[in-house]
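One-letter residues, chain by chain:
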Amino acid sequence: MQAFPAEFRAGDPTRVYLFHKKRSSTYNFLHPFVSALDYKLARFLYSSHVPKHRIDEFFRDNIFPTNSVSNPTSRISFRSAYTLYNQIDKMPTAPSWHEGNVNFRLALGTKFYYRHIIDCIKYLLRQRAYKDSLVWAPVQEKNAAGERIYHEMHTGSWWWEAQEELPVGGTLIPVLLASDGSHLTNYSGDKKIWPLYMTIGNITSGVRNSPSMNAWVPIAILPTIPKRVNHIPGYSIETQEAESLQVIHHILARILRPLTETKCQLGIEMICADEQIRLCFPRLCCWLADYMENATLHGLYNNVCTICTVPAKALGDEDKYPDRDHQTYAEAYANSDSLHSEGVKFVDNALWTLPLAPPDLVRGDLLHNIYLGIIEHMMDWIQGFLTHHNRLVAFDFIWKRLPPYPSFKPPGKAYRSITQWTGKELRDVGKVILASFAAALRRNSDQERPSGDQIQEFNQAILCIRYLSDFCLIHTGKTIGYMNYYLQSFHRYKDLVKEILEEKSHFNFPKIHLISHFSDQISKYGSLPQYSTEICESMHKELKDAYHRSNKVDAMLQILQNYTRSHAFAMR
């Protein structure tokens, strides 16, 4: 392993900040609770979703005499649901929320909520729970053969190059953002929430992406764009979309502005979990989102690549195209020039003010791009090919009888009988599809022996599926070369699949093109699984749980309050 040159003193502290010396001898770690029993009872009553009236009944009925020595509730600091929640609200929490108002033409006075992003960075850096999982400087790791290894973010080339631009003694703080809209209601209603989450790349990915570690914190609740309304004279659907998108970008610019201010560029001293103070330089390095979310953030139309300028009709080809030049887009916007031919919407994009070019914020999303994208399409191609060669019944027979083994749950029924798949289930599909497909093409007693031409087709189809299903995921210079080879081989054999597709079907869709950018991202930013939007789906659970605790009427403030309380217990 090659460490960053010592003369740069990357990640070195400027001075010591001993927590225990800053506290008095009577400091109470469980404040505002007076004892461990007091804290545990409060945590139990809150996390168990005990209704407030039942908590009041527990104390009002005097189940245990308050003057009894053996009474376990005689040493607690609350005697009702009201006093319990007051105590919980006194617990140390993440940075406070601020309220803002924006005016959509069809929804005046729409509220949104946000936190100061620099305060959230400081909050994460000083959490003792992450003390043993923090990384302060980049490294170059190599295996026994001398090949460069890419896994965590600090092993990629971006951190190394960014650290070289900092002054001596500076500490880089990579800032990761993630956003994804979600429904709050499951069966009825249309209540939605659009949270924006943040974490820092100094926390290793195993801890950072573990839901139980709470390393991702929401920094904004963006306003949901009003539904479009037809038949408004002089106010077309396109105008409604453009104005609503511009409002969202104004909000994003307000949230991200601290990262571009001079104070942030010159460095900010921050207290870290290891009781050291460092001169920190926060730098936005990625934004996790699915394709549709990225199109909104980058101000692009659908069915274009968010990274490069590939034409929509060439998305299924393997040719390379230059990255999008958003500086040119900003100049065109200032001159009121249309960029519709480039697939760019006429909007003042908040990402144009950032030091990092917007295409560099996009990451390979395994959940939506591979599992819910490529694998799902691949299964449709496989079923079409098997139907064409009368092998679908054999495939269903094999698929239903797959045995279980560690980390794999067998489906138990034919693939075509399942109407909706989750990302986890499709990840399991990728583990067994090649073997199941190859077995379905073998000769059996119910089918005729395949001809020589069919055998050649079968072999090419197996290779095509193999190259697509093996396209990922461990990273050295050699495996990145394998990924590029597999992609090239898939394009060489894909016409075999195209022959059995429906008329006018094609490969020109963004998800199959985006995988061509994976290899470049790995060498710069580390392994792809750490950037999967699966973490967004798990983070939504906390906000949805907070919504279910509310009375469902103007629930946003209640959601934030309930989430803050749950987070305070989780971080204690």
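The structure this text deals with has already been given above.
Bear in mind that the values here come from a model prediction, so they are computed numbers and not experimental data.

### A closer look at the pattern of salt bridges
1) Next: Within the structure shown, the criterion is met by ten salt bridges.
2) Next: Between Glu534 and Arg427 there is a salt bridge whose closest N-O contact spans 2.7 Å. Here Glu534 is found in helix α18 (residues 534–549), whereas its partner Arg427 is found in helix α13 (residues 423–440), with 107 residues between them in sequence.

### Quick look at the environment of Thr83
1) Next: Looking at where Thr83 falls in the secondary structure, it is placed in helix α3 (residues 81–89).
2) Next: Among the polar contacts made by the side chain of Thr83, one reaches the main-chain amide nitrogen of Ser80 at a distance of 3.0 Å.

### Let's talk about the pairing of strand β9 (residues 192–200)
1) Next: Among the nine residues in β9, eight count as buried, and that is most of the element.
2) Next: As judged from the two bridges shared by strand β8 (residues 182–183) and β9, these two strands associate in the antiparallel manner. In the sheet register, His183 faces β9, and the bridge partner there is Lys192.
3) Next: Looking at chain direction, β9 and strand β10 (residues 217–222) are connected through five bridges and run antiparallel. Directly across from Pro195, in β10, lies its bridge partner Ile221.

### Structural notes on the nonpolar core
1) Next: The biggest cluster of nonpolar side chains holds 84 residues, and the ones touching the most others in it are Ile121, Leu177, Met198, Ile219 and Trp287.
2) Next: Contacts of Ile121, omitting those with residues within four sequence positions, involve Ile173, Val175, Met198, Ile200, Leu259, Met270 and Pro282.
3) Next: Judged by nonpolar contacts, the second largest core, of 38 residues, contains Tyr150, Tyr371, Ile398 and Ile522.

### Remarks on helix α11 (residues 366–388)
1) Next: The backbone nitrogen of Leu367 has a side-chain oxygen 3.2 Å away, supplied by the residue at the start of α11, namely Asp365.
2) Next: At the C-terminal side of α11, Asn390 shows a positive phi close to 55°.

### Notes on the side chain of Arg208
1) Next: Mapped onto the secondary structure, Arg208 falls in helix α6 (residues 205–208).
2) Next: Here Arg208 occupies a buried position and makes no salt bridge, while the nearest side chain of opposite charge, Glu152, is found at 4.8 Å.
3) Next: Those residues in contact with Arg208 that lie beyond four places of it in its chain are Leu176, Thr199, Ile200, Gly201, Ile203, Ala215, Trp216 and Gln530.

### Overview of unusual backbone geometry
1) Next: For the bond from His31 to Pro32, the omega torsion is 10°, close enough to zero to count as cis.
2) Next: Locating Pro32 in the fold gives a position in the loop between β2 (15–16) and α1 (36–47).
3) Next: Phi is positive for Asn214, which is not a glycine, with a value near 55°.
4) Next: Counting through the fold element by element, Asn214 comes out in the loop between α6 and β10.
5) Next: Taking the relative accessible area as the measure of exposure, Asn214 reaches 12% and is therefore buried.
6) Next: Despite not being glycine, Asn303 has its phi angle at roughly 70°, a positive value.
7) Next: Inspection of the secondary structure assignment puts Asn303 in the loop between α9 (291–297) and α10 (326–334).
8) Next: Note on Asn303: relative accessible area 33%, which makes it partly exposed.

### A short note on the sheet that holds strand β1 (residues 2–3)
1) Next: Sheet architecture is open: three strands sit in the order β1-β5-β6, paired in antiparallel fashion. With partners counted over all chains shown, the strands left at the sheet margins are β1 and β6 (148–149), one partner each.
2) Next: In this structure, strand β5 (residues 139–142) lies alongside β6, joined through two bridges in antiparallel fashion. When the sheet's bridge partners are listed, Lys142 is paired in β6 with Arg148.

### Quick look at the side chain of Asp180
1) Next: Its place among the elements puts Asp180 in the loop between β7 (170–179) and β8.
2) Next: No salt bridge forms around the buried Asp180; measuring N to O, its nearest opposite-charge neighbour Lys544 is 8.3 Å away.
3) Next: Those residues in contact with Asp180 that sit more than four places away from it in its chain are Ile193, Trp194, Pro195, Asp290, Glu293, Cys536, Glu537 and His540.

### Considerations on α3
1) Next: For α3, the full list of buried residues reads Ala81, Leu84, Tyr85, Gln87 and Ile88. Down the axis, α3 shows its buried residues gathered within 155° of arc, on one side only.
2) Next: Contact partners of the buried residues in α3: α1, α2 (52–60), α18 and α19 (556–571).

### Structural notes on the packing of α1 against α19
1) Next: At a closest axis distance of 11 Å, the pairing of α1 and α19 adopts a crossing angle of 135°. With respect to α19, the element α1 is oriented oblique. Between α1 and α19 lies a crossing whose hand is left-handed. Where α1 abuts α19, its residues Tyr39, Ala42, Arg43 and Tyr46 lie against Asn562, Arg565, Ser566 and Phe569.
2) Next: Looking at the contact of α1 with α19 residue by residue, the classes come out as four nonpolar, two polar and two charged.

Thresholds, definitions, all that
- Residues numbered from 1 in each chain as written.
- Predicted model: local features only at pLDDT ≥ 70, side-chain atom pairs only at ≥ 80, totals over all residues.
- Heavy atoms only, no water.
- Salt bridge = Lys/Arg side-chain N within 4 Å of Asp/Glu carboxyl O.
- Helix = DSSP H or I, 4+ residues; strand = E, 2+ residues; numbered from the N terminus.
- Polar contact = N/O pair within 3.5 Å; in protein donor to acceptor, adjacent residues only side chain to side chain.
- Buried < 20%, exposed > 50% of the residue type's maximum accessible area, 1.4 Å probe, protein only.
- Pairing = 2+ DSSP bridges.
- Core = buried A, V, L, I, M, F, W, Y, C linked by side-chain atoms within 4.5 Å.
- Contact = heavy atoms within 4.5 Å.
- Lys, Arg positive; Asp, Glu negative; His and termini not counted.
- Arc of directions from axis to C-beta.
- Axes fitted to C-alpha atoms, helices over the stretch in contact; angles between N-to-C directions.
- Parallel < 35°, antiparallel > 145°, perpendicular 65-115°, else oblique.
- Left-handed = near helix turned anticlockwise from the far one by under 90°.
- Nonpolar A, V, L, I, M, F, W, Y, C, P; charged D, E, K, R; others polar.

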